[in-house]
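# Working through the structure, step by step
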Amino acid sequence: MTDQTDVGAASFQPAHFAFDAESEAEISRVLGRYPAGKQASAVLPLLYFVQRQMGRQTGSAWVPRAAMDEIARRLAMAPIRVYEVATFYTMFQLRPVGRFHLQVCTTTPCWLRGSDEVVAACRRTAGVGGFGETSADGLFTMTEVECLGACVNAPILQVNDDFYEDLDGPRTDALLAALKRGEVPPPGSTIGRQTSAPEGGPQTLVALPLAAATPPAE
Ligand code: FES
């Protein structure tokens, strides 16, 4: 997993951060959900807005320390309270990552279903040396993650906010090659599975005698 510790004073940290108009609109919408004095509860969405804004502006979706300080100011929190939240949740990246953040699940169900092939394809086609590393072209960062909660369609590769499911080596190669070309394949199952149904389609509840067939008596 990417080392998230001791990055606050690193040379890649920008000196300043300001929310852009798109983030400001999102902030106004979210803060409206909370009663006066409870705006600190919006710390999680504001951290998300920072990460998305950095992705829009720099091509690297991460959360600089200056942005956490700005969140603390906006929500009237001590900065350490924001740092505590940002360092607890692994979905927040506290150092720059590639344009495509490849989060490979290697927990047992994904491992049994071939996550080693997914990792090998990320090394081969994305050009990342290992977990926590970024490709030379800056496009890809690969991170090893624990269960992503989609084991039924294992193995899973999360690319930024999207899940790609039912992968193997060649399908992962194809996905990464498409991303390199600037294409974004539709997320979800890569074998055409219907949501999380068995391969080939649903096998139960396929012929429900619908209530409409026997309308209730007047
Ligand atoms: S083990 Fe990979 S999604 Fe659950």
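Residues numbered from 1 in each chain as written. Predicted model: local features only at pLDDT ≥ 70, side-chain atom pairs only at ≥ 80, totals over all residues.

## Focus on the overall build of the protein chain
Quick note on the threshold: Numbering of helices and strands starts at the N terminus; helices are DSSP runs of H or I of at least 4 residues and strands are runs of E of at least 2. As a rule, residues whose C-beta atom has 12 or fewer other C-beta atoms within 10 Å are exposed, those with 20 or more are buried, and those in between are partly exposed; C-beta atoms are placed from the backbone. Any two residues are considered in contact once their C-beta atoms, placed from the backbone, lie within 7 Å.
The helix and strand inventory of the protein chain stands at seven helices and six strands. Projected onto its principal axes, the C-alpha positions of the protein chain cover 65 × 60 × 30 Å. Within the protein chain, the proportion of its 218 residues that are buried is 27%. Counting only contacts in the protein chain whose residues sit at least 6 apart along the sequence, the fraction spanning at least 24 positions is 62%.

## With respect to the pairing of strand β1 (residues 100-105)
Just so we agree on the cut-off: At least two DSSP bridges between two strands are needed for those strands to be called paired.
In terms of burial, β1 is a largely internal element, six of the six residues being buried. The alternating pattern of β1 places F100, L102 and V104 and H101, Q103 and C105 on opposite faces, both of which are buried. Strand direction decides the pairing type here: β1 and strand β4 (residues 157-159), joined by three bridges, are antiparallel. The residue bridging Q103 from the neighbouring strand is Q158, located in β4.

## Focus on the nonpolar core
One broad trend across soluble globular proteins is that nonpolar side chains are buried collectively. Quick note on the threshold: Note on terminology: a nonpolar core is a set of buried residues of type Ala, Val, Leu, Ile, Met, Phe, Trp, Tyr or Cys, with members joined through C-beta atoms within 7 Å.
L102, V104, V118, C122, A126, M142 and L157 are the most contacted members of the largest nonpolar core, which has 22 residues in total. Here this core gets five residues from one element, more than from any other, and that element is helix α6 (residues 115-126). Within the second largest apolar cluster, 16 residues are counted, among which are L46, F49, V63 and V97.

## So, the environment of G55
Of note, G55 is situated in helix α2 (residues 43-58). A tally of 18 C-beta atoms within 10 Å means that G55 is categorised as partly exposed. Apart from the residues lying within four places of it in its own chain, the contact partners of G55 are S60 and A61.

## Examining the domain arrangement of the protein chain
The condition is simple: Note that domain bounds follow an automatic or database assignment of domains.
What the domain assignment lists for the protein chain is domain 1 (21-88) and domain 2 (100-189). For domain 1 versus domain 2, the distance between C-alpha centres works out to 28 Å.

## Thoughts on the pairing of strand β5 (residues 162-165)
As a reminder, the rule being used: Handedness of a crossover is defined as follows: orient the strands so they point away from the viewer, and if the path from the first strand over the helix to the second runs clockwise, the crossover is right-handed.
Of the strand pairs in this sheet, β4 and β5 are connected by three bridges, and their pairing is antiparallel. Along β5, the bridge assignment pairs V159 with D162. As consecutive antiparallel partners, β4 and β5 are separated by two residues, and within that stretch N160 has a phi angle of approximately 55 degrees, a positive value. Sheet topology places β5 next to strand β6 (residues 188-189); two bridges connect them, and they run parallel. Paired with E165 across the two strands is S189, which belongs to β6. In terms of handedness, the path from β5 via helix α7 (residues 169-180) over to β6 forms a crossover that is left-handed.

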